[in-house]
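Letter by letter, the chains look like this.
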Amino acid sequence: MQFLTVRNLRMSAASVLRKLPREGEVILTRHGQPVAIITPTNENDLEDTLRSLRRIRAIQAVDRMQRAAAQRGLARMSARQISQQVAAVRRELKR
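Residues numbered from 1 in each chain as written. Predicted model: local features only at pLDDT ≥ 70, side-chain atom pairs only at ≥ 80, totals over all residues. Heavy atoms only, no water.

Any chance you could break down the overall build of the chain for me, citing the residues and the numbers?
Looking only at helices and strands, the chain features three helices and three strands. Listed N to C, the secondary structure of the chain is β-α-β-β-α-α in terms of helices and strands. Relative to the globule expectation of 12 Å for 95 residues, the C-alpha radius of gyration of the chain, 20 Å, shows a markedly less compact shape. In terms of its C-alpha atoms, the chain occupies a principal-axis envelope of roughly 55 × 35 × 30 Å. Burial statistics for the chain: of 95 residues in total, 11% are counted as buried. For the chain, the accessible area works out to roughly 8400 Å², and carbon and sulfur atoms hold 53% of it. (Helix = DSSP H or I, 4+ residues; strand = E, 2+ residues; numbered from the N terminus. Rg over C-alpha atoms; globule rule 2.2 N^0.38 Å. Buried < 20%, exposed > 50% of the residue type's maximum accessible area, 1.4 Å probe, protein only. Areas by Shrake-Rupley, 256 points an atom, 1.4 Å probe, with all protein chains shown as cover.)

Shown next, in the form of structure tokens:
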């Protein structure tokens, strides 16, 4: 796995893209912090790759919510309490 700054990507994008199939994923960084993952794909695999990435993001989101709920002491809420919380958030979002 290679780390690459945004600046270096701008200066050598063609070279990076040419090497991507061999190198695998490239972690794009800005000010030393990761901001994106560039991963090789092709026309045949594009939909499967996107579906997999979306599934992983959903799993990560659920994991974050579960950890946050446990930290806030909400991990043992009843179904009714959960419904009340969801309704409260939805009301807030409509404002």
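Pulling in residues and values, what's your account of the environment of Met 11?
Inspection of the secondary structure assignment puts Met 11 in helix α1 (residues 6-23). A relative accessible area of 62% means that Met 11 is categorised as exposed. Sequence spacing of Met 11 and Gln 60 is 49 residues, and the spatial spacing of their C-alpha atoms is 33 Å.

Which residues make up the sheet that holds strand β3 (residues 33-38), and what values do they have?
The three strands are arranged β1-β2-β3 in an open sheet whose pairing can be described as mixed. Each having just a single partner strand, β1 (2-5) and β3 make up the two edges of the open sheet. Put simply, the sheet's adjacent strands are angled 35° from each other on average, direction ignored. Where β1 and strand β2 (residues 26-30) come together, four bridges link them in parallel fashion. Bridged to Thr 5 within β2 is Thr 29. (Pairing = 2+ DSSP bridges. Axes fitted to C-alpha atoms, helices over the stretch in contact; angles between N-to-C directions.)

Which residues make up unusual backbone geometry, and what values do they have?
Notably, His 31 is not glycine yet its phi reads approximately 55°, a positive angle. Positionally, His 31 belongs in the loop between β2 and β3. Assessed through its relative accessible area of 77%, His 31 is described here as exposed.

Residue-level account of the pattern of salt bridges, with values.
Under the definition given, this model contains two salt bridges. One salt bridge in this structure joins Asp 48 and Arg 51, with 2.8 Å as the shortest N-O distance. Of the two residues, Asp 48 and Arg 51 are both situated in helix α2 (residues 46-71); the distance of three residues between them amounts to about one turn of the helix. On the basis of relative accessibility, which here comes to 44%, the residue Asp 48 falls in the partly exposed class. (Salt bridge = Lys/Arg side-chain N within 4 Å of Asp/Glu carboxyl O.)

Read these as geometric descriptors, not functional statements.
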